[in-house]
Structure formats: structure tokens, C-alpha cells
Amino acid sequence: MRPDIRLITDAGLLKHTAALHSVYADAFRTPPWNEDEEKAIEFVGRLARDVRRPGFTAALAFAGADVVGFATAWTTRSPFPTDRCYPQAAAGLGPDDTTDWLVGAREIDELAVRPAAHGTGLAADLLDAVTADAPDGRSWLLTSVRSGRAISFYRRQGWTQATHPSPDGRGIVVFLGPRHPARSLAPQPL
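Residues numbered from 1 in each chain as written. Predicted model: local features only at pLDDT ≥ 70, side-chain atom pairs only at ≥ 80, totals over all residues. Heavy atoms only, no water.

A. Layout of the sheet that holds strand E4 (residues 106-113). Here seven strands make up an open sheet; going across it, the order is E1-E2-E3-E4-E5-E7-E6 and the pairing mixed. Because the sheet does not close on itself, it has two edges, and the strands there are strand E1 (4-8) and strand E6 (160-161). Where strand E3 (residues 66-75) and E4 come together, seven bridges link them in antiparallel fashion. Bridge pairing in E4 links Phe70 to Ala112. On top of the sheet, helix H2 (residues 37-50) reaches E3 and E4; it is set at about 145° to E4, its chief contact. (Pairing = 2+ DSSP bridges. Helix = DSSP H or I, 4+ residues; strand = E, 2+ residues; numbered from the N terminus. Contact = heavy atoms within 4.5 Å. Axes fitted to C-alpha atoms, helices over the stretch in contact; angles between N-to-C directions.)

B. Molecular detail of the pattern of salt bridges. Evaluated as defined, the whole model comprises nine salt bridges. For Lys39, the salt bridge identified is with Glu42, shortest N-O distance 3.9 Å. Taken together, the residues span about one helical turn, with Lys39 and Glu42 both in helix H2 at a distance of three residues. For Lys39, a relative accessible area of 38% gives the class partly exposed. A residue is classified by how much of its surface remains accessible, and Glu42, at 34% relative accessible area, is partly exposed. Asp133 is the salt-bridge partner of Arg106, the closest N and O atoms lying 2.8 Å from each other. Highlighted residues: Arg106 in strand E4 and Asp133 in the loop between helix H5 (122-131) and strand E5 (139-144), separated in sequence by 27 residues. (Salt bridge = Lys/Arg side-chain N within 4 Å of Asp/Glu carboxyl O. Buried < 20%, exposed > 50% of the residue type's maximum accessible area, 1.4 Å probe, protein only.)

C. Fine view of unusual backbone geometry. Of note, the amide linkage connecting Pro31 to Pro32 takes the cis form, showing an omega dihedral of 10°. Examined against the element boundaries, Pro32 turns out to sit in the loop between helix H1 (17-28) and H2. For the bond from Ser78 to Pro79, the omega torsion is -5°, close enough to zero to count as cis. Tracing the chain through its elements places Pro79 in the loop between E3 and helix H3 (86-93). The residue Arg84 is not glycine, and still its phi comes out positive at about 50°. Relative to the elements of secondary structure, Arg84 occurs in the loop between E3 and H3. We classify Arg84 as partly exposed; its relative accessible area is 42%. Although it is not a glycine, Asp136 sits at a positive phi angle of roughly 55°. Relative to the assigned elements, Asp136 resides in the loop between H5 and E5. For Asp136, a relative accessible area of 71% translates into the label exposed.

What follows is the structure, given as C-alpha cells:
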């Protein structure tokens, strides 16, 4: 039986904090992420702020009463942020494309499923749920170049890689969603 996916667009998400922490820890503790308990706590700590962002939406996958996966997203603000990995994204795209393609678009912040749900289509369902009503189809995300599995997954879902960092294992990759109007403008790798 497929998990039940529920959308939450407000602070009601916070009543699921313990479950989200658990899924996050399960999803990101293994390579290539190797995130520890501190990173899971940081993620949960950001949620109280994130639920107040314009355009916030989350999709939670329930198997009975248990959360087995989630995705969080919001509208990228203007000016383009300068914390976390945003500077790397902006450097890869340049100032004009960053503003034109990402500002005002639906930004997928986290996508996580329990390892037991890998390969079931759940991650694709969660991604679809948080991007279905993206303004003018404009959605984007970034992921680490260290995760060939994540990069392959997004490509299979029809996402277009918009940045092509050196494959040294340290950069981030920006993807534009399948309905993003700038998809055809994204540079292709050499």
C-alpha cells in the first residue's frame, strides 16, 4: 500500500517535529551525506523559522501513523539569500540567471525518505507534491555533487541540471524543475 501524502502549509508541521527528525537522521546518516545527530537537530531547529517563509509547503508521507518521508519547500526571496549554499548556486549561475530563474520560484529545501522506502517511488511522489503548484512551473533545488544517486534521481524525474561544477566531490548542483520555463536555457555539460 502506498503511503498517504499530506500537504501542510503552516506551523502545523511543527507537531510532527520528532518524526521529521527521525526520518532526516535515517535518510542522511549514510554516505555520501554522513550527517550526524547534530545536523538532524539543526534541521529541526530551522523548521520553526522555515514554516513562516512565504510560500512554505511541506509534504509528509504517512504509512499508518508513521512518517516515512517528507519534502519541504518555499518561495525563494529577493534579494537572493547569501547564507548556507546559496553563494555557490549564485556563482554557478551568475547574477542574472540567479535572479531570473530562482528568485520567486519554489525552492525545494529538503527531500528525505527512510532507507526502507528507497526505490518505491515515494521520493518522486513527495517531490511532485511540493512542486505541483509552483508559480508558473518554476521550481528548483540544489544537491551535492558527491551524491551520484541524488543527481541520477533528479534527472530521471525530468529535472534539468543548470550548473556543472568540477566533479571533485565538493560542489553543489542546481536543478530546474520539469516545468521551469528556463530549462532549455540551462547550459549543457561540455
